[in-house]
Amino acid sequence: MTDADPTYDVVVWGATGVAGRFTAEYLTERYGPEELSLAVGGRNRGKLDALVSDLARRGDAWDDVPVVVGDATDPESLRAIARDARVVCTTVGPYTKYGSPLVEACVETGTDYCDLTGEVNWTREMVDRFHEAAVDAGARIVHGCGFDSVPADIGTLLVQSFASEAFDEPCETVRIYLEGGSGGVSGGTLASFGELFEAAATDPLARETLRNPYSLAPSGERSGVDPGAQRWPRTDPLRGGWTAPSPMAAVNERVVRRSNALLGYPWGREFRCTEVVPTGEGLGGAAAAGLVAGGLGAFTAAMSVGPVRSALRRYAFPDPGEGPTREEAENGHFRIRVLGRGTAADGSFTVEAEFGADRDPGYGATARMLGESAVCLARDEVDSPFDGGVLTPASGIGLPLAERLREVGFTASAGDAAESER
Ligand SMILES: NC(=O)c1ccc[n+]([C@@H]2O[C@H](COP(=O)([O-])OP(=O)(O)OC[C@H]3O[C@@H](n4cnc5c(N)ncnc54)[C@H](OP(=O)(O)O)[C@@H]3O)[C@@H](O)[C@H]2O)c1
């Protein structure tokens, strides 16, 4: 953090977009101006003024919300914004396209930072370019503070913390099950998918990042026992029944492995982590797993072909700025279960965590996950050994984030699976 007292606790940068607007709305509903000094930022003063009028109309407490204006392509404007903030919380994406200068500005000014990126190629670039400098500057750069990757990363941390306390041993294996969910998708999210596939087609570092399951681990530690994300339907070794590949595994598994590595391997160097979609028992479960795997495979194949990718981006995807309505974002739901298996002196044990909320995972729930990540950083309410670095939610913020999310209606808890079966 900076030595001088910054003007704002949190700047929501990109507040005129879909996810940024939900985050600003959430923070102004949850906190009053006397509790949180907040500003909204973006490139378009007119849109920001309209947003501020709307925020003031919606909540009694906020007569006004300060506005900061800059441009993602103008480093000087970003440095000025970062200098004025304890935490910059950014939804300006695709991050591959717009994100790097802001990370650089936060590192230069020693400002904490959180975002919503699932662009694993870009996270890898930030790790390589800025981790050491962020450590030296005392800037906590926490990527992936939305649906990817808070439930998977903090869910795993919940499981491992419970295991270490109850059984004196961490789990050797963790499986993350995307059990259910309903929600929408925005043009900004699909544009980010587009950038990821574009990078995979054109950038060798992005290809290497997507190939290596340990690509987000620190340099020199990018190998291990995990074979990488499941690609086909498979029966589940922990629970039985069928599972399909998860669309978010490529991001979440790597983030969880980075957490383990950054924290100094408290879960062991042989720790394994997989994320899957459970589809049920028997023939029906197998058929559903085949359908999910087939759909995902077809989407990946289509997005990997340049002309098809361009056509989809141009004609089929919604434009940036389009996305779920507020009503849609506040409905929806998601449920993630994390099962950890370990071995203690008196035999094997299984720990289970549940992480979920009754809101659209990518928008209503993500606004809360990102907003509360920013508040944790701004108030230094973290359980983390790091004052700076390119971090994950589990390594940079830790369980205080789960605590805050529980307070706003999330399920986020872990226990002994044997006891919960009784
Ligand atoms: N992890 C998750 O669960 C999750 C969930 C939702 C979104 N996301 C990610 O969050 C990002 C944003 O998504 P979204 O749907 O909110 O996108 P969006 O609606 O397109 O919003 C993008 C924001 O970036 C701003 N922007 C664009 N170019 C800029 C520039 N040069 N300088 C300053 N600001 C600029 C836009 O400003 P204008 O309004 O002026 O155009 C807008 O405020 C995407 O990368 C998406 O993948 C992740």
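Notes on the structure in this doc start here. These figures come from a predicted structure and were not determined experimentally.

### Here's the deal with the sheet that holds strand β5 (residues 112-115)
Right, so step 1: Reading across from one edge, β3-β2-β1-β4-β5-β6-β13 is the order of the 7 strands in this open sheet, with parallel pairing throughout. Edge positions in the open sheet fall to β3 (67-69) and β13 (389-391), since each of these has one partner strand only. Ignoring strand direction, the axes of neighbouring strands in this sheet form an average angle of 20°.
Right, so step 2: Sheet topology note: the strand β2 (residues 38-42)/β3 ladder contains 3 bridges and is parallel. If you follow G42 over to β3, its bridge partner there is V69.
Right, so step 3: Across the sheet, helix α1 (residues 18-30) is in contact with β1 (8-13), β2 and β4 (85-90); its angle to β1 comes to roughly 150°.
Right, so step 4: Across the sheet, helix α5 (residues 100-109) lies against β1, β4, β5 and β6 (140-142), angled at about 155° from β5, the strand it touches most.

### Overview of unusual backbone geometry
Right, so step 1: Omega for the peptide link from G93 to P94 comes to 0°, which places this bond in the cis form.
Right, so step 2: Mapped onto the secondary structure, P94 falls in the loop between β4 and α4 (95-98).
Right, so step 3: Cis peptide bonds are those with omega within 30 degrees of zero, and the linkage from D148 to S149 qualifies with 15°.
Right, so step 4: Positionally, S149 belongs in the loop between β6 and α7 (150-167).

### Details of the nonpolar core
Right, so step 1: Counting residues in each nonpolar core, the largest one holds 103 residues, and the members touching the most others are V10, V40 and F355.
Right, so step 2: Counting residues per element, this core draws most heavily on helix α14 (residues 364-378), at 9 residues.
Right, so step 3: The residues that make up this core include at least three from each of domain 1 (8-147 + 363-407) and domain 2 (150-360 + 411-421).
Right, so step 4: Among all residues touching V10, those that are not within four sequence positions of it are L27, L36, S37, L38, A39, V87, C89, A374 and A378.

Cut-offs and rules
- Residues numbered from 1 in each chain as written.
- Predicted model: local features only at pLDDT ≥ 70, side-chain atom pairs only at ≥ 80, totals over all residues.
- Heavy atoms only, no water.
- Pairing = 2+ DSSP bridges.
- Helix = DSSP H or I, 4+ residues; strand = E, 2+ residues; numbered from the N terminus.
- Axes fitted to C-alpha atoms, helices over the stretch in contact; angles between N-to-C directions.
- Contact = heavy atoms within 4.5 Å.
- Core = buried A, V, L, I, M, F, W, Y, C linked by side-chain atoms within 4.5 Å.
- Buried < 20%, exposed > 50% of the residue type's maximum accessible area, 1.4 Å probe, protein only.
- Domains from an automatic or database assignment.

By themselves, these figures tell us nothing about what the structure is for.
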